Each structure stands twice: as C-alpha cells, then as structure tokens.
Amino acid sequence: MPLPLWTPDNRVPLFVFGLTTGVAVTAAFQYLYSSLSKRNQPPPPADYDPLPGNAVGGLRPDTQFESTIQRLEREFTINTSMLHNLVKAFTRDMERGLKRENSVIKMIPSYVERRPSGDETGTYLALDLGGSNFRVCEVTLLGKGQVRTRQKKFVVSEALKTGTGEQLFDFIADCVEQFMGELNIGKDTKLKMGFTFSFPVDQHALNKGNLFLWTKGFTASGVVGTDVVQLLQDAFHRKDLKIDVTALVNDTVGTLISHAYVDNATYMGVILGTGSNAAYVEKMENIPKWKGPPSSTGEMVINMEWGAWGQDGIILPTTAYDLKVDRASPNPRKQTYEKMISGMYLGEITRQILLDLISTGEIFGGRHCSALEAPYSFETAYMSRIERDHSMELTDTRTILEDLYGIKKTTLSDRRLIKRICQLIGTRAARLASIGIASVVTKMNRLHGCTVAVDGSVYEHYSYFRTRMIDALKELLGVNADNITLAQARDGSGQGAALIAALADHGEL
Ligand code: BGC
C-alpha cells in the first residue's frame, strides 16, 4: 500500500505538555490493565514463532533480546479482560454519540433510512474519494442484486491532497469529464450521481454535508466547514457538466448498502484500509439527538466515524510510540482509534519502534538507517510480508531490510525481533478492530446472526488480520461469534453510492 511522505508539522511544541501528561496517564492505565489481567493473557497467535533458547545473531546476550520483547509485549498486548473493558467503554461512547452532537464518536445519521431490496434498477454515476485513489464509476443496477460497473481509477497526488479545495474539486470534475468522454456520454447528458466522500462530514440532508475535519493525510484548504456537495457541484458547473449530485455517502455506508443488495442479512459495513470507520443500522428510537422528520422505516444508517474513538485521551491503551505518531501527524490528538488500527499508521508505529531500538543499540548493532528516517517510510504492506515469512533464516525479511532499506548485515536475531514487533502491532490492530464490531453487533441485538461487510486493504491483505479478529470476537462474544459473518466486500462504496442515488430517485429516501 503506497503511503504518503509527510514532513512533521510545526505545531509540535504546543502539545508537549499535553502529550507528556498523556504518556503518564497512559502508562498508569497500562500498569493497571496489565496487573489486573496477568491471569488473562490471550494465547500466542497461531503464527507465533517462539524464540530460540540460545543466542542468535551473536550481537548481544539473549537476556537483552528477551527483555526487549517482553517490554513490547507488555505495551502492545490487549488481553481478554482489556477487550471486555474496552467494549463497555466503546458502547458507552456510542450511546453518548447518539444522544448529543460533539461526542467523541460522532454517530452521524446518514439520511439513508432503508437498505435496498435488491430490485432497484437504473444507471447512475458514482464518485469515490477517500484515499490515494479516486474512482469514477457508471453503475447500472439490473435488479435481482445484479450490477454492471464501468469505472476508471485516478491517482490523487500529494500536491492535490494538500493544495486548495478548488484544485482538488476541479481535478475531480476533470476526471469525470474524461471518463464521460471515454464512454461516449455527451457533455449535455443529465445524470444523477452518488458521491462517496470518505471523511467525517456533518450531514444535514441526503445530499448536503459540511466537512468536520480532514483525515488520512488530506489537508486541502477551504474545505473544512463547507458543504462538499456544493464544492463538487460548483466544479461541475465550471466545466458545464449537467450532473446532479443527489447523494453524499460515506464509504462505510456505501459498503453496507452495496453488500445488502446481495445479502439482506447485512447490517453493518466496516472499512479497514488506509483509514477506518463503520456504519450500521440503528432504530430511530435509539437516536435521541435526531431532529429531522420521522423515518418511514423506523430505521437509519449511522455513519459512526469510529476512528475518532479515544481522542479524549483516557480510554485506549496508547503507548509512547502511538503518541509519537500522533504528534507528528497532520491531525494531532484526533482519530486515536484509527491511528492504532488502520493501514496508514501501522507501518509508522513500527518505524517509531525500530528507530527507538536503533537508538538504544537493541537492533542493527545501533547502526543508523537513513531510509527509515523519513516519516511513513516503513510500509504496512512490508509488515504483512514479514509476518508471512516463515523461512528458517527469515530471508524475505532480510530482503526487505537489506535490499529495500539498505540496512547492512542484519542478524537473525534482528529479524526475529522485527517480525515479533510486526506481529504485536498487527495483532493489537485486529483485536482493537473487533471491539468496535462486537459492540455494534451486540447493540443492534443481532448476536443471533448477521453479516458484517468489511472492505479495505488491511482486512483484505494483511496476514492473519481476519483470523485474529475472529479470535478476539470469540473471546468477546463466545459461541455467538459463530453467528456473525465477516464478509469480504470489494469496492462496494461506489456501487453503494449509486444504489443510494437510485433509492432517492425512486422517492424511497
Ligand atoms: C474517515 C471516515 C472513513 C474512513 C475509511 C476515516 O479516516 O474519517 O469517514 O469512512 O476513514 O475510509
């Protein structure tokens, strides 16, 4: 997964005090957690390679190696009792979000009041903006859960992510024009469009919503606080395109809806990719903050914006490494949960640990590695490869470290340590992600059975992620975990936006 290169911003000094306090509070919590739950350690992962009893690599005594690992295990392990406590806290924060505005988990009503029946038909455009790729799709709904899609992907450059909003939206309009040209769709054709915009938005109609804040490395100016549908519509006008944006959709909502088109047991959509978030179907009576018209179905899809969980700084067992990643990110003290579970950050947490262990001489004989100095230079995809490396000498891990990062003469002991670090970060992420799913499924009262549609590169490609999530769900839900199907969804968010545009077109929303 290509990750952006950022330079740390210059706000760091302002937060030194807050973060130092944060470290102390976090350390206290961790101590409490670990001492309360020593009896309750999760079993080591199936893919865990035990460490050899004798010295490996020969650079330092075994005891150093063991104690480094033990320290990291203590910091990064989420045991069963922590899982249970975190589910309680998560559920409480979900309920707060449904009651009032400005809660940590925002719980945003999406204005989508029904799931599709599977019989919807028609042709709609869909746009999907939410990460390094941007997609334009023409979606033809054929009924009976059948869809035909023609689409084109474009790369959103770093310059566009961090430039002005107008440049970003003009680029989107250019891509749409190019796509229509390639499909021989005349410029004057009147088309309806669903817009998947995968950032936190204060939605105030099906096709209106102001951006709360950018996430995932976007910082384009002039967009926060503004209606993003209006910005898109203005860019279309500048190009004389006759497109009517009729639905603004989060990718999680799109994933839920598109999966429900083929599997009507789907009540939740989750993204575990560059960023992370979830949407689910809630009963209107459980949304006291809703001031809009009554829903005809008595239900509403909620865009949770769960990535923000923990940003109040007291719940999640963050480590000093997490705080370092947070401090240097473009959105410090925001999206704490997302920064512990999503693909944009897992490699960066690992990089921070590696830099620390180099500085103390615990790996690479303390030799400095310039390729690791650049922020976000250690890709999450490499962690997954390292975890999959089961060779005796960890040869693929060596290729990554020596050939791709230019680290000379790594020892087997270095490589084992790094593999264990990847396992710890990857396992923590998967177990934390399960907390959100277990809480939602329980809150929906669907422990007897439902499908959770999950999309995103981490879920799809990161080694053992799914298995680790299922293990954690079993620890949390017992036998009921067997009733929850985690279904792989792929690229559903664009289709979902088209489906929602179709529902709106047929007067069903
Ligand atoms: C955004 C969400 C989005 C998620 C997954 C997060 O950073 O805040 O709106 O659903 O990423 O793309």
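So, here is what we can say about the structure in this document. Everything numeric in this text was worked out from a predicted model, so none of it was measured.

## Let's talk about the pairing of strand β9 (residues 266–272)
So, point 1. Counting buried residues along β9, seven of its seven residues qualify, which places the element largely inside the surrounding structure.
So, point 2. Bridge count between β9 and strand β12 (residues 450–455): five bridges; the pairing is parallel. In the strand pairing of β12, Thr 266 is matched with Thr 451.
So, point 3. Sheet topology places β9 next to strand β10 (residues 276–283); five bridges connect them, and they run antiparallel. Across the sheet, the residue bridging to Leu 272 is Ser 276, located in β10.
So, point 4. Between β9 and β10, which pair antiparallel one after the other, the connecting turn spans three residues.

## Looking at the pairing of strand β5 (residues 191–197)
Taken residue by residue, a regular strand's side chains alternate between the two faces of the sheet.
So, point 1. Taking burial as the measure, the seven residues of β5 include six buried ones, the bulk of the element.
So, point 2. Bridging between strand β2 (residues 121–129) and β5 involves five bridges; their strand directions are parallel. Paired with Leu 129 across the two strands is Phe 197, which belongs to β5.
So, point 3. Where β5 and strand β8 (residues 243–249) come together, six bridges link them in parallel fashion. Bridge pairing in β8 links Met 193 to Val 245.

## Thoughts on the site of the ligand
So, point 1. Neighbouring the ligand are 15 residues, the closest being Thr 215, Asn 250, Asp 251, Glu 305 and Glu 338.
So, point 2. The separation between an oxygen atom of the ligand and a polar side-chain atom of Asp 251 is 2.5 Å.
So, point 3. At 2.6 Å, a side-chain N or O of Glu 338 approaches an oxygen atom of the ligand.
So, point 4. At the level of elements, α7 (251–262) and β10 are the ones that each hand at least two residues to the shell around the ligand.

## Focus on the packing of helix α5 (residues 165–182) against helix α6 (residues 228–238)
So, point 1. Contact geometry of α5 with α6 gives a least axis separation of 9 Å together with a crossing angle of 55 degrees. As summarised for this structure, α5 and α6 are arranged oblique, according to the angle between their axes. As for how α5 packs across α6, the hand of that crossing is right-handed. Counting all contacts with α5, which are made through Glu 166, Phe 169, Asp 170, Ile 172, Ala 173 and Val 176, the residues of α6 involved are Val 228, Leu 231, Leu 232, Ala 235, Phe 236 and Arg 238.
So, point 2. Class assignment of the residues belonging to the contact of α5 with α6 gives a composition of nine nonpolar, no polar and three charged.

## Observations concerning the packing of aromatic side chains
So, point 1. According to the stated counting rule, one finds 20 aromatic pairs in the structure shown.
So, point 2. Ring geometry for Phe 90 versus Trp 306: centroids 6.1 Å apart, planes at 80 degrees, classification edge-to-face. Residue Phe 90 is found in helix α3 (residues 80–99), and its partner Trp 306 is found in the loop between β11 (299–303) and α8 (320–328); the two are separated by 216 residues along the sequence. For the residue pair Phe 90 and Trp 306, the accessibility class agrees, reading buried in each case.
So, point 3. Each ring, one from Phe 378 and one from Tyr 405, has its centre 5.5 Å from the other, and the planes form 40 degrees; the classification is tilted. In this pair, Phe 378 is assigned in the loop between α10 (343–359) and α11 (380–388) and Tyr 405 in the loop between α12 (395–404) and α13 (412–443), connecting sequence segments 27 residues apart.

## Structural notes on the nonpolar core
Note on soluble globular proteins: their nonpolar side chains tend to be buried together.
So, point 1. In this structure, Met 268, Leu 272, Tyr 280, Met 304, Trp 306, Trp 309 and Ile 437 are the most contacted members of the largest nonpolar core, which totals 110 residues.
So, point 2. Counting residues per element, this core draws most heavily on α13, at 15 residues.
So, point 3. Among residues more than four places away in sequence, those in contact with Leu 272 are Ile 341, Ala 433, Val 454, Asp 455, Gly 456, Ser 457, Val 458, Tyr 459, Phe 465 and Met 469.
So, point 4. Of all hydrophobic cores here, the second largest spans 40 residues; its members include Leu 129, Phe 195, Val 223 and Leu 248.

## Section: the pattern of salt bridges
So, point 1. Going through the model one piece at a time under the given rule, you end up with 26 salt bridges.
So, point 2. The partner of Glu 508 in a salt bridge is Arg 114, and the shortest N-O contact between them spans 3.6 Å. Taken together, the positions of Glu 508 in the segment after α16 (492–505) and Arg 114 in the loop between β1 (108–109) and β2 put the pair 394 residues apart, joining distant regions of the chain.
So, point 3. Of the residues examined, Glu 508 reaches a relative accessible area of 31% and is grouped as partly exposed.
So, point 4. With a closest N to O distance of 3.1 Å, Lys 161 and Glu 158 form a salt bridge. Of the two residues, Lys 161 and Glu 158 both sit in helix α4 (residues 158–162), three residues apart, roughly one turn of that helix.
So, point 5. With relative accessibility at 3%, the residue Lys 161 sits in the buried group.

Definitions and cut-offs
Residues numbered from 1 in each chain as written. Predicted model: local features only at pLDDT ≥ 70, side-chain atom pairs only at ≥ 80, totals over all residues. Heavy atoms only, no water. Buried < 20%, exposed > 50% of the residue type's maximum accessible area, 1.4 Å probe, protein only. Helix = DSSP H or I, 4+ residues; strand = E, 2+ residues; numbered from the N terminus. Pairing = 2+ DSSP bridges. Near = heavy atom within 4 Å. Polar contact = N/O pair within 3.5 Å; in protein donor to acceptor, adjacent residues only side chain to side chain. Axes fitted to C-alpha atoms, helices over the stretch in contact; angles between N-to-C directions. Parallel < 35°, antiparallel > 145°, perpendicular 65-115°, else oblique. Left-handed = near helix turned anticlockwise from the far one by under 90°. Contact = heavy atoms within 4.5 Å. Nonpolar A, V, L, I, M, F, W, Y, C, P; charged D, E, K, R; others polar. Phe/Tyr/Trp six-rings, centres within 6.5 Å; stacked < 30°, edge-to-face > 60°. Core = buried A, V, L, I, M, F, W, Y, C linked by side-chain atoms within 4.5 Å. Salt bridge = Lys/Arg side-chain N within 4 Å of Asp/Glu carboxyl O.

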